[in-house]
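If you want the building blocks of each chain, they are given just below.
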Amino acid sequence: MQGWRKRQEDAHVSAVSQGDKKNIDVFGVFDGHGGKEISKFVSNHFTQELIINKNLPTDMSLALKETFIKMDEIMQTSESIEEIKKYARQSKEEDDEQAKNEPANSQMQLFSQLIAQKDPESNDISMRTGCTACVMSIDEESKKLYFANAGDSRVVMCRNGLAEAQSEDHKPEMESEKTRIYKADGWISDGRVKGNLNLTRGFGDLEYKQNKNLKPEEQMITANPDIKVIDFTNDIDFVIIGCDGIWDCLKNQEACDFVSKRLKDNPDIKISKIVEEMMDEIVAKDLYNETGVGCDNMTCIVIVFKKGKQEEKKEEKTEEKKEEKTEEKKEEKTEGKDEKEKEEKEKEKDK
């Protein structure tokens, strides 16, 4: 949802049955800042880069980490630069069209005059534009869930109705993030890296990744994700992946309760309808509220596991098989009894 923002800078991916064995599912939210160019680029390339990673068949965690790091690398190729410039041109066209409908001397027009506009033909858009990334990958063969996060988007799992966070928001005030930033010759002011970014991990923002003496995971801003792996079990109800705009408005348990209630009230409800209702519930009713909460772009994916119905079907099939076997045994006993009676009658005749 674009919300009150001038443009939608988020992107997402939802790809199922990927890979040679069609056993990999990928879901992710990419929260853009400074423009939509990097989030759009990442959403177009992430899944394919993950699927072709050589470590995917044996080590999904390593494949995810390498894919995160590689996104920063491939966006610097000449072909990728042209793709990113195309997205920047699209943004400018959308902004120009919107400006035509703005009244003279409106706040939006005045704001545009104060802020330097992005040059859509620049080759260094990825230097000052970026996005966070929160991804869940499912290996249906091994029945494992992989969560990878870089930035302040978040993934929450609902297990038996209870919320369990599967990622940690990467913010400048975290001690682990502070340590890395200072080691990379960075600094923090007013809760922002170099007084600008209020997050510490993500794709793009390459101007913060220029220390030639450091590895990608050691840079001031890094794409290196935290990764968590869990076994898929039948008590997992669903997973919510959302950008920070969602979690600014809802606590983890509140979000899970919101989804759970609607699934319980109407098991056949479309998941998109639940997300739509959630957005309508939390979007700010007033653009000029003091906190700014509910005014951000909001992107959310809900993945529901239909294990209940599957288990019921399995139980039904098992019961059917048991009944069939019981009938077969009854028939065998009846046939055996009939044959024995015939033999006894034959013996009596002989006598």
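Here is a short report on the structure shown in this document. (Residues numbered from 1 in each chain as written. Predicted model: local features only at pLDDT ≥ 70, side-chain atom pairs only at ≥ 80, totals over all residues. Heavy atoms only, no water.)

## Structural notes on the overall build of the protein
Next, step 1: From N to C terminus, the protein includes 10 helices and 13 strands.
Next, step 2: Looking at the protein as a whole, 43% of its 351 residues are labelled buried.
Next, step 3: Long-range contacts, defined here as pairs at least 24 residues apart, represent 65% of the contacts in the protein between residues at least 6 apart.
Next, step 4: For the protein, the accessible surface area stands at approximately 20,100 Å², while carbon and sulfur atoms represent 47% of it. (Helix = DSSP H or I, 4+ residues; strand = E, 2+ residues; numbered from the N terminus. Buried < 20%, exposed > 50% of the residue type's maximum accessible area, 1.4 Å probe, protein only. Contact = heavy atoms within 4.5 Å. Areas by Shrake-Rupley, 256 points an atom, 1.4 Å probe, with all protein chains shown as cover.)

## Overview of the nonpolar core
Side chains of nonpolar character tend, in soluble globular proteins, to be buried together.
Next, step 1: Among the nonpolar cores identified, the biggest contains 38 residues, and Val239, Ile240, Ile241 and Ile246 are the most heavily contacted of them.
Next, step 2: Aside from chain neighbours lying at most four places away, what touches Ile241 is Phe27, Val29, Cys134, Met136, Arg154, Val155, Thr299, Cys300, Ile301 and Ile303.
Next, step 3: Of all hydrophobic cores here, the second largest spans 31 residues; its members include Ile38, Val42, Ala133 and Val135. (Core = buried A, V, L, I, M, F, W, Y, C linked by side-chain atoms within 4.5 Å.)

## With respect to the side chain of Arg180
Next, step 1: Tracing the backbone through its elements, the reader meets Arg180 in helix α6 (residues 175-183).
Next, step 2: Looking at Arg180, its side chain comes within polar contact range of the side chain of Glu177, at 3.0 Å.
Next, step 3: Setting aside its immediate chain neighbours within four residues, Arg180 contacts Thr200, Arg201, Glu217, Glu218, Gln219, Met220, Ile221 and Thr222. (Polar contact = N/O pair within 3.5 Å; in protein donor to acceptor, adjacent residues only side chain to side chain.)

## Some words on the side chain of Asp139
Next, step 1: Locating Asp139 in the fold gives a position in strand β4 (residues 133-139).
Next, step 2: Despite its burial, Asp139 pairs with no opposite charge, the nearest such side chain being Lys21 at 7.7 Å.
Next, step 3: Looking at Asp139, its side chain comes within polar contact range of the main-chain nitrogen of Ser142, at 3.3 Å. (Lys, Arg positive; Asp, Glu negative; His and termini not counted. Salt bridge = Lys/Arg side-chain N within 4 Å of Asp/Glu carboxyl O.)

## What about the packing of helix α1 (residues 37-51) against helix α2 (residues 60-74)?
Next, step 1: At a minimum axis separation of 10 Å, α1 and α2 run at an interaxial angle of 135°. When the interaxial angle is binned, α1 and α2 end up oblique. Note on packing geometry: the crossing formed by α1 with α2 is right-handed. Judged by residue contacts, Phe41, Val42, His45, Phe46, Glu49 and Leu50 of α1 engage Ala63, Leu64, Thr67, Phe68, Lys70, Met71 and Ile74 from α2.
Next, step 2: Residues belonging to the contact of α1 with α2 are distributed by class as follows: nine nonpolar, two polar and two charged. (Axes fitted to C-alpha atoms, helices over the stretch in contact; angles between N-to-C directions. Parallel < 35°, antiparallel > 145°, perpendicular 65-115°, else oblique. Left-handed = near helix turned anticlockwise from the far one by under 90°. Nonpolar A, V, L, I, M, F, W, Y, C, P; charged D, E, K, R; others polar.)

## What to know about the environment of Asp205
Next, step 1: Among the structural elements, Asp205 can be located in the loop between β10 (203-204) and β11 (226-231).
Next, step 2: Once the C-alpha coordinates of Asp205 and Ile125 are considered, the two residues, 80 residues apart in sequence, prove to be 8.8 Å apart.
Next, step 3: Dropping the residues within four chain positions of it, Asp205 is found in contact with His33, Ser126, Met127, Arg128, Thr129, Gly130 and Leu197.
Next, step 4: Within polar-contact distance, the side chain of Asp205 engages the side chain of His33 at 2.6 Å.

## Re the pairing of strand β7 (residues 162-165)
Next, step 1: Bridge count between strand β6 (residues 154-159) and β7: four bridges; the pairing is antiparallel. Its bridge partner being in β7, Val156 is matched across the sheet by Ala165.
Next, step 2: Two successive antiparallel strands, β6 and β7, enclose a turn made up of two residues, where Asn160 displays a positive phi of approximately 50°. (Pairing = 2+ DSSP bridges.)

## Focus on helix α8 (residues 252-265)
Next, step 1: A rise of 1.5 Å per residue sets the reference length of α8, with its 14 residues, at 20 Å; its end C-alpha atoms lie 20 Å apart and thus fit the reference within 8%.
Next, step 2: Inspection of α8 places Asn252, Ala255, Cys256, Phe258, Val259 and Leu263 among the buried residues, and these make up the whole buried set. Each buried residue of α8 lies within a common arc of 155° when the element is viewed along its axis, so the set occupies one face. Turned more than 90 degrees off the buried face of α8, the exposed positions are Lys264 and Asp265. (Expected span 1.5 Å × (residues − 1). Arc of directions from axis to C-beta.)

## What to know about the packing of aromatic side chains
Next, step 1: Tallying each qualifying case throughout the model produces four aromatic pairs.
Next, step 2: Ring centres of Phe30 and Phe46 lie 6.1 Å apart, and the angle between their planes is 50°; this geometry places the pair in the tilted category. Taken together, the positions of Phe30 in strand β2 (residues 24-33) and Phe46 in helix α1 put the pair 16 residues apart, joining distant regions of the chain.
Next, step 3: On the numbers, 5.4 Å between centres and 90° between planes, the contact of Phe46 with Phe68 is edge-to-face. On the criterion of sequence distance, the pair formed by Phe46 in helix α1 and Phe68 in helix α2 is long-range, its members being 22 residues apart. (Phe/Tyr/Trp six-rings, centres within 6.5 Å; stacked < 30°, edge-to-face > 60°.)

## With respect to the pattern of salt bridges
Next, step 1: Considering all chains together, one arrives at 16 salt bridges under this definition.
Next, step 2: Between Arg128 and Asp124 there is a salt bridge, and its shortest N-O distance comes to 3.1 Å.
Next, step 3: On the basis of relative accessibility, which here comes to 36%, the residue Arg128 falls in the partly exposed class.
Next, step 4: With relative accessibility at 36%, the residue Asp124 sits in the partly exposed group.
Next, step 5: Linking Lys261 and Asp265 is a salt bridge whose minimum nitrogen-to-oxygen distance equals 2.8 Å. In this pair, Lys261 and Asp265 are both assigned in helix α8, four residues apart and thus about one turn of the helix distant.
Next, step 6: Look at Lys261 and you get partly exposed, because its relative accessible area is 49%.

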